[in-house]
Amino acid sequence: MDEKKTLYSAIQPTNNLTIGNYVGAITNWLKLQEEYDCYFAIANMHAITVRQDPAELRRKTLDLLALYIACGIDPAKCCLYVQSHVPAHAELCWVLNTFTYVGEMERMTQFKDKSARHAENVNMGLMDYPVLMAADILLYQAQYVPVGEDQRQHLEIARDIAQRFNNAYSPTFTVPEGLFLKVGAKINDLQDPQKKMSKSCENPNGSIFLSDDKDTVIRKFKRAVTDSGSEIKYDPENKPGVSNLLTIYSVFAGKSISEAEADFSGKGYGDFKLAVGETVADRLAPLRAEQARLIADKEYLDSVLKAGAERAAHTAGRTLSKVYKKIGFYQI
Ligand code: TYM
């Protein structure tokens, strides 16, 4: 029997997750877990590159695990774990740092954005973020990495680092490939549809958080920016607001973009926005309820994390020990 290919992805347990994270990452993982050997991490080491409140970070770690499971990610099929539970991530990151150039890191778009947003705390971790991400992926010899469009540049650098190391020694790392959704790889801000919807954006009306209740979701969609004209047509260049709403609707209603357009042909923007809001709110409500039920069962969540950490540490340890041998670390 063919061995399953390995797939790796992670989300930071910061702020509230948005429907961008849900669509761009989690819905994609759901289908993939059937076909691949999946590792899905909670990237708390990435999270501290921006200052976090310790109690909140702890709480959000379990919240995110509960959300993974509530969305249908099955701990019996996938390895779910917390990044800091597996020390090999920090260890491989250190080695990979010596294969990464400062200039490359300074050119990363997300580093430039975040340094501008957190000018008071442009720490080394913020700059090193893509190398830690490369370590995450390479430790598991992942062939595929499903992420949203905003992570494309980080994935490219992970590939470069893997190839650089393989060329310097001998094939050690699988060179990973990104898996990007055709629809939904970039959900945009409802108030500024040229910009990605983000957990940390300034205007909370622009983002739909998974924790928003029905009234809030509908209110935010009613206020969403649309475009001139009145036609409900998918045309991201000329109608970014309407196209973003059609994308969201198509994913949440499980329809193609042309089916989504057909549902609203001849309708006005008001009806359209209300329908998108209701569709999204109706999908989120049961997820939130299931997440709350799981959060109350800390013993179960801890048992998932313990099993996940053991399995992840086993795989990661094998890669790390190969790397240490190749670079000449004396082993006892
Ligand atoms: P994070 O936590 O910022 O985002 C998690 C996932 O959500 C996707 N995403 C979006 N997709 C569509 N539309 C949006 N508006 C949107 N916003 C976010 C992101 O692309 C991502 O897939 N560095 C990563 C976490 C990470 C990781 C890894 C990912 C750490 N190590 C190894 C893959 C492999 C991050 O910050 O994601």
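Cut-offs and rules
- Residues numbered from 1 in each chain as written.
- Predicted model: local features only at pLDDT ≥ 70, side-chain atom pairs only at ≥ 80, totals over all residues.
- Heavy atoms only, no water.
- Core = buried A, V, L, I, M, F, W, Y, C linked by side-chain atoms within 4.5 Å.
- Buried < 20%, exposed > 50% of the residue type's maximum accessible area, 1.4 Å probe, protein only.
- Domains from an automatic or database assignment.
- Contact = heavy atoms within 4.5 Å.
- Axes fitted to C-alpha atoms, helices over the stretch in contact; angles between N-to-C directions.
- Helix = DSSP H or I, 4+ residues; strand = E, 2+ residues; numbered from the N terminus.
- Parallel < 35°, antiparallel > 145°, perpendicular 65-115°, else oblique.
- Left-handed = near helix turned anticlockwise from the far one by under 90°.
- Nonpolar A, V, L, I, M, F, W, Y, C, P; charged D, E, K, R; others polar.
- Buried area = accessible area lost by both parts, 1.4 Å probe.
- Near = heavy atom within 4 Å.
- Polar contact = N/O pair within 3.5 Å; in protein donor to acceptor, adjacent residues only side chain to side chain.
- Salt bridge = Lys/Arg side-chain N within 4 Å of Asp/Glu carboxyl O.

Points about the nonpolar core
(1) Moving on: Of all hydrophobic cores here, the largest spans 56 residues; its most connected members are Ile-19, Tyr-68, Phe-221 and Val-280.
(2) Moving on: Lining this core are residues from two domains, each supplying at least three of them: domain 1 (6-180 + 298-327) and domain 2 (204-292).
(3) Moving on: Contacts of Phe-221, omitting those with residues within four sequence positions, involve Ile-19, Leu-190, Ile-208, Leu-245, Ile-248, Lys-273, Val-276, Gly-277 and Val-280.
(4) Moving on: Counting residues in each nonpolar core, the second largest holds 41 residues, with Ala-41, Met-108, Phe-173 and Ala-316 among its members.

Focus on the packing of helix 7 (residues 124-139) against helix 8 (residues 152-168)
(1) Moving on: It is at 9 Å that the axes of helix 7 and helix 8 come closest, and there the two elements cross at 65°. Here helix 8 runs roughly perpendicular to helix 7, going by the angle between their axes. Classified by chirality, the crossing of helix 8 by helix 7 is right-handed. Counted together, Tyr-129, Pro-130, Met-133, Ala-134, Ile-137 and Leu-138 of helix 7 and His-154, Leu-155, Ile-157, Ala-158, Ile-161 and Ala-162 of helix 8 form the full contact between these two elements.
(2) Moving on: The residue makeup of the contact of helix 7 with helix 8, split by class, is 11 nonpolar, 1 polar and no charged.

Description of the domain arrangement of the chain
(1) Moving on: As assigned here, the chain comprises domain 1 (6-180 + 298-327) and domain 2 (204-292).
(2) Moving on: Each of domain 1 and domain 2 was reduced to a C-alpha centroid, and the two centroids are 30 Å apart.
(3) Moving on: Each side of the interface is counted separately: domain 1 has 12 residues, and domain 2 has 15 residues.
(4) Moving on: Interface area, domain 1 with domain 2, both sides summed: about 1200 Å², of which 75% is carbon and sulfur.

So, the site of the ligand
(1) Moving on: Around the ligand sit 26 residues in total, of which Gln-12, Tyr-129, Asp-136, Asp-150 and Ile-187 are the nearest.
(2) Moving on: One of the side-chain N or O atoms of Gln-151 is found 3.3 Å from a nitrogen atom in the ligand.
(3) Moving on: Here a nitrogen atom of the ligand sits 2.9 Å away from a polar atom, N or O, in the main chain of Met-197.
(4) Moving on: When contributions to the shell around the ligand are tallied by element, the ones reaching two or more residues are strand 1 (6-11), helix 1 (19-32) and helix 7.
(5) Moving on: Of the residues that constitute the shell around the ligand, the class distribution is 13 nonpolar, 9 polar and 4 charged.

Observations concerning the pattern of salt bridges
(1) Moving on: Across all of its chains, the model carries 14 salt bridges by this definition.
(2) Moving on: Notably, a salt bridge pairs Asp-282 with Lys-214, separated by 3.1 Å at the nearest N-O pair. With Asp-282 in helix 12 (residues 269-295) and Lys-214 in helix 9 (residues 214-222), this residue pair connects regions lying 68 residues apart in the sequence.
(3) Moving on: By relative accessible area, Lys-214 is classed as partly exposed at 40%.
(4) Moving on: A salt bridge links Lys-255 to Asp-263, with the nearest nitrogen and oxygen atoms 2.7 Å apart.
(5) Moving on: On the basis of relative accessibility, which here comes to 32%, the residue Lys-255 falls in the partly exposed class.
(6) Moving on: Classification of Asp-263 as partly exposed rests on a relative accessible area of 28%.

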